[in-house]
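Topology and contacts: notes
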Amino acid sequence: MRAQLVSTLLRARPVATRVAPTLTRAASGHAHQETFESFSERYVDFFGKAQDLFEVQRGLNNCFAHDLVPAPSVIEAAVRAARRVNDYATAVRIFEGIKEKVENKQQYQQYLDELKPIREELGINIREELYHE
C-alpha cells in the first residue's frame, strides 16, 4: 500500500498556481522636466480656457500638487477663472492655497502685494480680511 501511495504521489501533477501579472512600466531615462516658465504658461492657458467650476477646481488641484509655488500670473488667471464661473469661495481659497505653499509670511505678503490690483478689480477679500483672527 505504501508503494502504491508513493507512486501515486510521484505521478500526480502539481497544481498550477496563479500568478498575478506585474503591471510595471519600464523607467525611461528620458523623462521630460518641465521648466517653471512652461509650467506657468500651461496653467495660465488652462485657466484662460476653463468654462466651469469643475475644470477650475481640477486645474487648481493639479497646479497646487506640484512642489512649487505657482507664479503670480498663474494665480491671476486662476482667480479670474473662478470669478468667471461665479465662484467667489474658490477665489478666496486660492489665496489660502498660496499661504500654505509659501515658506514664510514675507513671501505670502509679496504675493498679496503683487496681486492686490486684481483682488481689488474683482472684489476679492482674503480670509484674514473676512474673518479677523
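Preceding this paragraph is the structure being described.
Rules and cut-offs
- Residues numbered from 1 in each chain as written.
- Predicted model: local features only at pLDDT ≥ 70, side-chain atom pairs only at ≥ 80, totals over all residues.
- Heavy atoms only, no water.
- Axes fitted to C-alpha atoms, helices over the stretch in contact; angles between N-to-C directions.
- Helix = DSSP H or I, 4+ residues; strand = E, 2+ residues; numbered from the N terminus.
- Parallel < 35°, antiparallel > 145°, perpendicular 65-115°, else oblique.
- Left-handed = near helix turned anticlockwise from the far one by under 90°.
- Contact = heavy atoms within 4.5 Å.
- Nonpolar A, V, L, I, M, F, W, Y, C, P; charged D, E, K, R; others polar.
- Core = buried A, V, L, I, M, F, W, Y, C linked by side-chain atoms within 4.5 Å.
- Buried < 20%, exposed > 50% of the residue type's maximum accessible area, 1.4 Å probe, protein only.
- Expected span 1.5 Å × (residues − 1).
- Polar contact = N/O pair within 3.5 Å; in protein donor to acceptor, adjacent residues only side chain to side chain.

As a packed pair, helix α4 (residues 72–84) and helix α6 (residues 105–122) sit with axes 11 Å apart at the nearest point and diverge in direction by 25 degrees. Considering the angle they form, α4 stands roughly parallel to α6. Relative to α6, the crossing made by α4 is right-handed. Listed contacts from α6 to P72, I75, E76, V79, R80 and R83 of α4 are Y111, E114, L115, I118, E121 and L122. For the contact of α4 with α6, the residue count by class is seven nonpolar, no polar and five charged.

Moving on to the nonpolar core. In terms of nonpolar packing, the biggest core is built from 30 residues, with F47, I75, V79, F95 and I98 touching the most fellow members. Those elements that provide at least two residues to this core are α2 (36–49), α3 (53–65), α4, α5 (88–101) and α6. It is α4 that provides the largest number of residues to this core, a total of seven residues. Ignoring sequence-local partners within four residues, the contact set of I98 consists of F64, I75, Y108, Y111 and L115.

Take α2 next. In a regular helix each residue adds 1.5 Å, so 14 residues correspond to 20 Å; α2 covers 20 Å between its end C-alpha atoms and thus fits that length. Here the buried face of α2 lies against α3 and α4.

Among the secondary structure elements, T90 is positioned in helix α5. The contacts of T90, once residues within four sequence positions are left out, are L53, V56, Q57, L60 and A82.

Turning to unusual backbone geometry, a few remarks are in order. Despite not being glycine, N86 has its phi angle at roughly 65 degrees, a positive value. By the secondary structure assignment, N86 is in the loop between α4 and α5.

When the terminal C-alpha atoms of α6 are compared, their 24 Å separation across 18 residues agrees well with the 26 Å that a helix rising 1.5 Å per residue should span. All of the buried residues along α6 are Y108, Y111, L112, L115, I118, R119 and L122. The N-capping residue of α6, defined by a side-chain oxygen 3.2 Å from the backbone nitrogen of Q106, is N104. Backbone geometry just after α6 places G123 at a positive phi near 70 degrees.

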